[in-house]
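Residues per chain, in single letters:
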Amino acid sequence: MNLKINSFEEYKEQYKRSVENPDRFWDEIGKTFQWQKPYDKVLDWNFTGPDVKWYLNGKLNITENAIDRHLEKRGNKLALIWEPNDPQERFVRWTYRELHGKVCEFANALKNQGVEKGDRVVIYMPMIPELTVAVLACARIGAVHSVVFAGFSARAIADRINDSKAKLVITADGQNRGAKQIPLKRVVNEALENTESVETVIVYDRLGWSPQMKEGRDIWWNDAIEGMEKECEAEQMDSEDMLFILYTSGSTGKPKGVVHTCGGYMVYAAYSFQNVFQPEESDVYWCTADVGWITGHSYIIYGPLISGATTMMFEGVPTYPDAGRFWQICDKHGVNQFYTAPTAIRALMGKGEDHVLSYSLDSLKVLGTVGEPINEEAWRWYYNLVGKERCPIVDTWWQTETGGIMLSGLGKHSPMKPAHAGLPLPGVQPVLLDNDGNEITENEKEGLLCMKFPWPGILRTTYGDHERCRNTYFAAFKNHYFTGDGAKRDKDGLYRVIGRVDDVINVSGHRFGTAEIEEAINANKNVVESAVVGYPHEVKGQGIYAYVVCDKMPEDEDDARSSIVGTVVDEIGKIAKPEKIQFVTGLPKTRSGKIMRRILRKIAEGEPDKLGDTSTLLDPDVVEDIVKNAK
Ligand code: PRX
């Protein structure tokens, strides 16, 4: 299945076709996949419900497309390369045939534990090959996987288990991260004290630890697969059956479960992968994301495997044993396409050029970035030093909700401009709207980034709460999907995504709602209320700045700060730690009691002279106080 566009001319032609006749365009692409029963309609949609269906009544199993279909011609080709945290440990290489056997074997183990089609399975694992096996085994039997990033706390796991009513959890004893080893099973045990739906926990032995195992509930991975056959018939799924739930943060309340379905997601993950990264048959492709995020779902597992590529997974961190680790791995495995996040690039920039210059990096052909805007300095470092001015950079803009890349260059076949994601992929119809919902048609203008037509990878709902999906994405502007991002379009139509315009902050490419962090901070026993904003951070993109009101001003601020950080770590996880906590006597509020974040943001950004009008505040004096004591 080759879906690749081979020139900019071809892109323009395909783009035009995709807009003029989306049904025909996506039908031609859809037909190249393996369906157990062909679909009878390509698309049915409205954005008012919203109600979006792709490849209607088609029957398929995504794992047949990701594995079985390749067995004849690519059975002995490498499907997966795994590089461990410790460079001295042996890496793993599995062919498509080996992957097939492992996925089937574990699928049978899941069935043996009573998992059925439609059941939800939560996966909380390190970046090891068994994580890929676990994900694909769920898909094989039609169970809905919900991967939870292994940095989340017990509370966060419990919330996700309770929301999805998961029946089974797959985890490991612990995980390696650089020089540290972190328990996972212990965290799961704690989470399960506050859940009721989980009947079984399967535990992979990664570290040789002996975590507490609960009799009758917990079983080791190796015992679970004992005696299981390496063949497992793939469950027949409808195109619109749920494939997975992935929780992500929004501007209100708890994280919501973004739902993706089988048919459209499959097509879009593979189509976008092939066009953005332009892999050739013998290439080795590496995405450094974690499978706990959408990037890992679409561009470590599904996109590459459905395309028959060789995908690499890395267990460790960019700076262990030293800041040359990424580049050492690129040379070691001959990586051709390398996909990472701006925050990683900025962190490595700070460690000096020598770490890069020690390696040849000759194999690299395409470099990618994702997760947040990339600043021009980081872009140049990546382009000049890593890519040796010979590799195009694809700056890929997309979201958990979009399932796949929406705005990006296509390998070397697109115009490229630092800090610009660029043009939409064929089939993607972005628009910029003003605050009143009017379309801004001129170029060199800024507006709210929306989509006016569906693409196959669009989210279908938020789990258990369709109204929330409608409200969050489809209610702001009639007949549009609203991304939550602001963007500019340059004179050539290239998009530059500036960042969130809602109460979402992006820390090292991880999304958090300010409300979610405030709720966590407020769980601290001394806290009365808090307000959280993002501020520019050199490495992380944004840092978390919290203004906190306690029942009385703390005597020992450091003490109070570490207590609050501890609460946030318990409630969400280490990744959501506020960088700065300022204790204040009150928050700037309007007369109706709404917190004026605009003001707090300006103070956090170090621009207290640009606060604007504060006369409408309930108590303008608190602002002066906050400015005086700002961090
Ligand atoms: O603000 C945008 C930013 O990340 C958000 C989506 O976050 P998440 O769902 O966690 O998915 C991240 C990986 C796909 C977007 O709303 N974002 C993502 N990629 C870019 C970006 N901002 C600018 N440029 C990008 N390339």
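Coordinates for the structure precede this section.
This text gives an overview of the structure that appears in the document. None of these values were measured; they are calculated from a predicted model.

Once that is clear, we can look at the overall build of the protein chain. The helix and strand inventory of the protein chain stands at 19 helices and 31 strands. Here the C-alpha atoms of the protein chain give a radius of gyration of 24 Å, agreeing with the 25 Å that 2.2 N^0.38 yields for 631 residues. Counting only C-alpha atoms, the protein chain reaches 75 × 60 × 55 Å along its principal axes. Per-residue burial for the protein chain yields a buried fraction of 62% across its 631 residues. Within the protein chain, residue pairs in contact and separated by at least 24 positions form 71% of the contacts whose partners lie at least 6 positions apart. Of the accessible surface of the protein chain, which amounts to about 24,400 Å², a share of 44% is contributed by carbon and sulfur atoms. Seen as two clouds, the 75 positive and the 91 negative side-chain charges of the protein chain have centres 2 Å apart.

Right, let's get into the site of the ligand. Taken together, 17 residues sit near the ligand, with Asp-395, Thr-396, Thr-400, Asp-485 and Arg-511 positioned nearest. Interatomic distance of 2.8 Å between a backbone N/O atom of Thr-396 and a nitrogen atom of the ligand. In the environment of the ligand, an oxygen atom lies 2.6 Å from a nitrogen or oxygen atom belonging to the side chain of Arg-511. For the ligand, whose unbound accessible area comes to 550 Å², protein coverage reaches 95%. For the shell around the ligand, the secondary-structure elements that each account for two or more residues are helix H10 (294–306), strand E20 (393–396) and strand E26 (495–500). A breakdown of the residues in the shell around the ligand according to their chemical character gives six nonpolar, six polar and five charged.

Here we take up the packing of aromatic side chains. Taken as a whole and assessed by the stated rule, the structure comprises 45 aromatic pairs. Pairing Trp-327 with Trp-381 gives two aromatic rings, centres 6.5 Å apart and planes at 55°, and the pair type is tilted. Placement of Trp-327 in helix H11 (residues 325–333) and of Trp-381 in helix H14 (residues 376–386) is noted, with a sequence separation of 54 residues between them. What makes Trp-381 buried here is its relative accessible area of 11%. An aromatic cluster of at least three residues, connected via ring pairs, comprises Phe-25, Trp-26, Trp-35, Tyr-39, Trp-54, Tyr-55, Tyr-268 and Tyr-271.

With respect to burial, helix H7 (residues 185–192) is a largely interior element, six of its eight residues being buried. What H7 keeps buried is the set Lys-185, Val-187, Val-188, Asn-189, Ala-191 and Leu-192. Here the buried face of H7 lies against strand E6 (120–124), helix H6 (154–164), strand E8 (168–172), strand E10 (180–183), strand E11 (200–204) and strand E12 (218–220).

Here the focus is the sheet that holds strand E16 (residues 284–287). The strand order across the open sheet formed by seven strands is E5-E4-E17-E16-E18-E19-E20, and the pairing between neighbours is mixed. The two strands at the open ends of the sheet, each matched to only one other strand, are strand E5 (92–95) and E20. Shown here is a sheet whose adjacent strand axes are inclined to one another by a mean of 20°, direction ignored. Summarising the sheet, strand E4 (residues 78–83) and strand E17 (residues 310–314) pair through four bridges and their orientation is parallel. Paired with Glu-83 across the bridge in E17 is Phe-314. Contacts between helix H5 (residues 129–141) and the sheet are confined to E4, E5 and E17, with E5 contributing the most and set at about 35° to the helix.

Here Cys-450 shows up in strand E23 (residues 445–451). According to the relative accessible area criterion, Cys-450 is buried, its value standing at 0%. Here the alpha-carbon distance between Cys-450 and Gly-486, two residues 36 residues apart in the chain, equals 9.1 Å. Leaving out residues up to four positions away in the same chain, Cys-450 has contacts with Gln-429, Pro-430, Val-431, Leu-433, Phe-477, His-480, Tyr-481, Phe-482 and Thr-483.

With that settled, consider the sheet that holds strand E22 (residues 439–440). With antiparallel pairing, five strands are arranged side by side in an open sheet as E22-E21-E23-E25-E26. In this open sheet, the two edge strands, each paired with only one partner strand, are E22 and E26. Two strands pair when backbone bridges link them, and strand E21 (residues 430–433) and E23 are joined in this way by four bridges, in the antiparallel orientation. Each bridged residue has a counterpart across the sheet, and for Leu-433 the counterpart in E23 is Leu-448.

Here the focus is unusual backbone geometry. Put simply, Gly-49 and Pro-50 share a cis peptide bond, and its omega is -10°. Along the chain, Pro-50 falls in the loop between strand E1 (41–46) and strand E2 (51–56). Cis rather than trans, the peptide bond between Tyr-320 and Pro-321 has omega equal to -5°. Relative to the helices and strands, Pro-321 is located in the loop between E17 and H11. In this structure, Gln-278 is a non-glycine residue whose phi angle is positive, near 50°.

Moving on, we get to the packing of helix H3 (residues 62–74) against H10. Contact geometry for H3 and H10: axes closest at 8 Å, N-to-C directions at 55°. The angle between the axes of H3 and H10 places the two elements in the oblique class. In this structure, H3 crosses over H10, and the sense of that crossing is left-handed. Every residue of H10 that contacts H3 at Ile-62, Asn-65, Ala-66, Arg-69 and His-70 is listed here: Tyr-302, Leu-305 and Ile-306. For the contact of H3 with H10, the per-class residue count stands at five nonpolar, two polar and one charged.

Our next topic: the pairing of E23. Along E23, five of the seven residues are buried, which leaves the element largely enclosed by surrounding structure. Strand direction decides the pairing type here: E23 and strand E25 (residues 481–489), joined by six bridges, are antiparallel. What sits directly across from Glu-446, in E25, is Lys-488.

Turning to the nonpolar core, a few remarks are in order. A general feature of soluble globular proteins is that nonpolar side chains tend to end up buried together. Among the nonpolar cores identified, the biggest contains 160 residues, and Phe-106 and Tyr-302 are the most heavily contacted of them. A total of 11 residues in this core trace back to one element, the largest contributor, which is helix H9 (residues 262–277). Setting aside its immediate chain neighbours within four residues, Phe-106 contacts Val-133, Ala-134, Ala-137, Ile-170, Ile-202, Trp-221 and Ile-225. The next biggest cluster of nonpolar side chains, apart from the first, holds 30 residues, and it includes Ile-81, Trp-286, Ala-344 and Ile-393.

Calculation notes
- Residues numbered from 1 in each chain as written.
- Predicted model: local features only at pLDDT ≥ 70, side-chain atom pairs only at ≥ 80, totals over all residues.
- Heavy atoms only, no water.
- Helix = DSSP H or I, 4+ residues; strand = E, 2+ residues; numbered from the N terminus.
- Rg over C-alpha atoms; globule rule 2.2 N^0.38 Å.
- Buried < 20%, exposed > 50% of the residue type's maximum accessible area, 1.4 Å probe, protein only.
- Contact = heavy atoms within 4.5 Å.
- Areas by Shrake-Rupley, 256 points an atom, 1.4 Å probe, with all protein chains shown as cover.
- Lys, Arg positive; Asp, Glu negative; His and termini not counted.
- Charge placed at Lys NZ, Arg CZ, Asp CG, Glu CD.
- Near = heavy atom within 4 Å.
- Polar contact = N/O pair within 3.5 Å; in protein donor to acceptor, adjacent residues only side chain to side chain.
- Nonpolar A, V, L, I, M, F, W, Y, C, P; charged D, E, K, R; others polar.
- Phe/Tyr/Trp six-rings, centres within 6.5 Å; stacked < 30°, edge-to-face > 60°.
- Pairing = 2+ DSSP bridges.
- Axes fitted to C-alpha atoms, helices over the stretch in contact; angles between N-to-C directions.
- Parallel < 35°, antiparallel > 145°, perpendicular 65-115°, else oblique.
- Left-handed = near helix turned anticlockwise from the far one by under 90°.
- Core = buried A, V, L, I, M, F, W, Y, C linked by side-chain atoms within 4.5 Å.

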